[in-house]
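This is what each chain is made of:
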Protein chains: 2
Amino acid sequence: MGNVDDSSIKALVFDVFGTVVDWRSGVAREVTPFIASQKLTVNPFEFADAWRREYVPAMAEVRAGNRGFVRLDVLHRENLDKVLTELGIDPQSIPAASLDELNLAWHKLDPWPDAVPGLTRLKDRFIIAPLSNGNIRLMLDIAKRAGIPWDAILGAEVVRMYKPAPSVYLDTAELLAIEPAELCMVAAHNDDLKAAKACGLKTAFVSRPREHGERQTSDRFAEGQWDFVASSFIELADMMLEVGQG
Amino acid sequence: MGNVDDSSIKALVFDVFGTVVDWRSGVAREVTPFIASQKLTVNPFEFADAWRREYVPAMAEVRAGNRGFVRLDVLHRENLDKVLTELGIDPQSIPAASLDELNLAWHKLDPWPDAVPGLTRLKDRFIIAPLSNGNIRLMLDIAKRAGIPWDAILGAEVVRMYKPAPSVYLDTAELLAIEPAELCMVAAHNDDLKAAKACGLKTAFVSRPREHGERQTSDRFAEGQWDFVASSFIELADMMLEVGQG
C-alpha cells in the first residue's frame, strides 16, 4: 500500500454513490414523507434498496447497445415506476410532478463525514473529479448542496457510456490529456476498480462497510491488488500526500 | 437592465477568454521567455494577437463540418506553428516538447480582478459554469490556478461543437436539465450573446474594453438588447442578486 510510484498520478476520479455519499440513508430520508403520504407500509430503507436494485440492469441495456445513452436521472425515474408497481401501486395514479420531485432524492445525498475534508486536502495536489454513472446535473446538485470541491464534473454523461465499460475510464483519461496510468480511480467497489485497472489506471479502494446497512456482505474488503487501500478519505489523503512528499 | 424576470434564471454560463480571464496579457507574459530564447524581435502582445487571430478560422472548419471535433488545445498547437511560420521560423527547427509547453500558455491566464469575487457571490444563488470554446483540461487548469469556483466545467468539448453554433447553447441547457430561458449567457462579446439569445437564452454583457489592449474598437459597448449590462462581475452580482431578492 502506498508503494506505487504515485508521483506519476495527476488526477483522481471518484465513484460517488456509496464511495463519496451515503445514498441509502439519503434516499430513505427523502422517500419517508412520500411513504407516509401514500400510506405505504414499506420500510424506507427497503424502498431505497429496491430502487437501487434496478440500477445495474437499467444501465446494462445501454452498455449492451440495446438502447442509446440516456442519463441516469431518466433511468432512476423509470426505475421508480417499477418499484412502485412492485409495491402494488399504479404509478399512473400519482401525479407525475410528485414522482419527478421524488426522483430528485438522488440529488440530495449527504457525503460520508470524511469525504469533504479528505477531498479538500487531495485537491491541493491532484485534479479531483467524480467518475460516476450519475449525470452532470445530479453530480452538480450533490456537490453544491454538500460543498464538495470538485475541479470538474466528469462521468458517464460526459463520455456517454456507463461504467464499467472500458471507454468510460479511457475516454476520461483522454479528456484530461493524461495517460491512464496517471489517473487513479477511487471507489468502494471492487468491480469498479477491477475494470479501471484493466484499462491501466491506478486504483484506490476506500472501504464503506455500511453502504448497504448493518448486514453488508459485499465489498467489505479489498479483493484485488489495488495501489491504495484506506478506510476513509482522510486516510487516503494521508497516504497519497505523504508518499508524494517522500 | 435588470427588469428581466431573473427569478427564473437557474444557471449562468460564462465565456472565458476575454470575459473571465485576460488572455492577451497572460499569453504575452508566457511567450516572453520563448521570444528571448529564440532571439525574436516580435513584441509579445503582437505574438499573442497573432496567435489569437488564428482562433476563429480554425474553429470555423469544425463548425462547417470540414473537420471532426478536436479540442482547442489541438487547434492552439496547430495555430502556434502557423504564427511561427509567419514570423519566419520553421516550427520543425524547435523541439516539439518546447512548443507543447508553450502551448500551455493558454492554461495559465489570470482572471480580471473582479471575476473571482463576483463569481463567488453569484455561486450562492446560481449554478455557475464556463461555456467556453476552451477544452475541459484547459478550463480546469485555469480555474485551479486562479481559484475560480465553478460548479462544473461545461463548454465546447462537452457538447463537441464550437460556439456560436446553436447546439452548443441548447445542448448545454439540456445537460443542465433546464429550459434555455432559465440559462443566462455571460460574455464580453456581442456575437456570443446574439447567438445565445437566438436560442432563447437570457443574456448578460460584461464590458471588457481592454481585452484587446488600449486601442480596442470592438465590443466596447452592448450592441443588442441584452437582459443585463454591467462593467464588472461585481456589478453583475449586484444586479442579479438584488433583483432576485426584490
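Residues numbered from 1 in each chain as written. Chains lettered and ligands numbered in written order. Predicted model: local features only at pLDDT ≥ 70, side-chain atom pairs only at ≥ 80, totals over all residues. Heavy atoms only, no water.

In the annotation of an unreviewed UniProt entry, the entry for chain A reads Haloacid dehalogenase type II, and the organism field reads Paraburkholderia phymatum.

## As for the pairing of strand β1 (residues 11-14) of chain A
Two faces belong to every sheet, and in a regular strand the side chains alternate between them. Residues and elements named next belong to chain A. Of the two faces of β1, the one holding A11 and V13 and the one holding L12 and F14 are both buried throughout. Relative to strand β2 (residues 127-132), β1 runs parallel, the two being bridged by four bridges. Bridging from a neighbouring strand, V13 pairs with A129 of β2. By the bridge criterion, four bridges tie β1 to strand β4 (residues 183-187) in an arrangement that is parallel. Bridge pairing in β4 places L12 opposite C184. (Buried < 20%, exposed > 50% of the residue type's maximum accessible area, 1.4 Å probe, protein only. Helix = DSSP H or I, 4+ residues; strand = E, 2+ residues; numbered from the N terminus. Pairing = 2+ DSSP bridges.)

## Description of the pattern of salt bridges
Residue and element names in this part refer to chain A. Scanning all chains against the criterion turns up 40 salt bridges over all chains. Its salt-bridge partner being D110, residue R145 comes within 2.9 Å of it at the nearest N-O pair. Of this pair, R145 sits in helix α7 (residues 136-146) while D110 sits in the loop between α5 (96-103) and α6 (115-125), and the two are 35 residues apart along the sequence. On the accessibility criterion, D110 (35% relative accessible area) is partly exposed. Bridged by salt links that share partners, the residues R29, E30, E101, K108, D110 and R145 form one connected network. (Salt bridge = Lys/Arg side-chain N within 4 Å of Asp/Glu carboxyl O.)

## Re the domain arrangement of chain A
Put simply, an interface is often sized by how much accessible area is lost when its parts join up. Residues and elements named next belong to chain A. Each assigned domain of chain A is listed here: domain 1 (6-22 + 109-245) and domain 2 (23-107). Facing the 25 residues of domain 1 at the interface are 21 residues of domain 2. Between domain 1 and domain 2 lies a buried interface of about 2,000 Å² when both sides are counted; carbon and sulfur atoms form 55% of it. Here domain 1 is connected to domain 2 by two salt bridges. D110 serves as the salt-bridge partner of R29, at 3.0 Å between the closest nitrogen and oxygen. In this assembly, domain 1 and domain 2 are joined by twelve residue pairs in polar contact (both at pLDDT 80 or more). (Domains from an automatic or database assignment. Contact = heavy atoms within 4.5 Å. Buried area = accessible area lost by both parts, 1.4 Å probe. Polar contact = N/O pair within 3.5 Å; in protein donor to acceptor, adjacent residues only side chain to side chain.)

## With respect to the relation of the copies chain B and chain A
The transformation that overlays chain B on chain A combines an axial shift of 0.0 Å with a rotation of 180 degrees, and the residual RMSD is 0.0 Å. Taken together, the turn and the small shift mark the pair as related by a two-fold rotation axis. Within chain B, A152 of chain B has its C-alpha nearest the rotation axis, a separation of 2.5 Å. Interface residue correspondence from chain B to chain A reaches 100%, placing this contact among same-surface, isologous pairings. (Least-squares fit on C-alpha atoms with pLDDT ≥ 70 in both.)

## Regarding the packing of aromatic side chains
Residue and element names in this part refer to chain A. Counted according to the given criterion, the structure contains 18 aromatic pairs over all chains. Between F34 and F47, the ring centres sit 6.4 Å apart and the planes meet at 75 degrees, which makes this aromatic pair edge-to-face. With F34 in helix α1 (residues 23-37) and F47 in helix α2 (residues 44-53), this pair connects stretches of sequence that are 13 residues apart. We classify F47 as buried; its relative accessible area is 1%. What links up through ring pairs into an aromatic cluster is the set F17, W23, F34, F47, W51, Y55 and W106. Lying across the ring of Y55, R52 places its NZ or CZ 3.9 Å from the centre. (Phe/Tyr/Trp six-rings, centres within 6.5 Å; stacked < 30°, edge-to-face > 60°. Lys NZ or Arg CZ within 6 Å of the ring centre and 35° of its normal.)

## Section: α1 of chain A
All names here are of chain A. The first and last C-alpha atoms of α1 sit 22 Å apart over 15 residues, in line with the 21 Å expected at 1.5 Å per residue. Among all positions of α1, only W23, R24, G26, V27, A28, V31, F34 and I35 are buried. For α1, the secondary structure elements touched by its buried residues are α2, α4 (72-86) and α5. Within two residues after α1, K39 carries a phi angle of roughly 55 degrees, on the positive side. (Expected span 1.5 Å × (residues − 1).)

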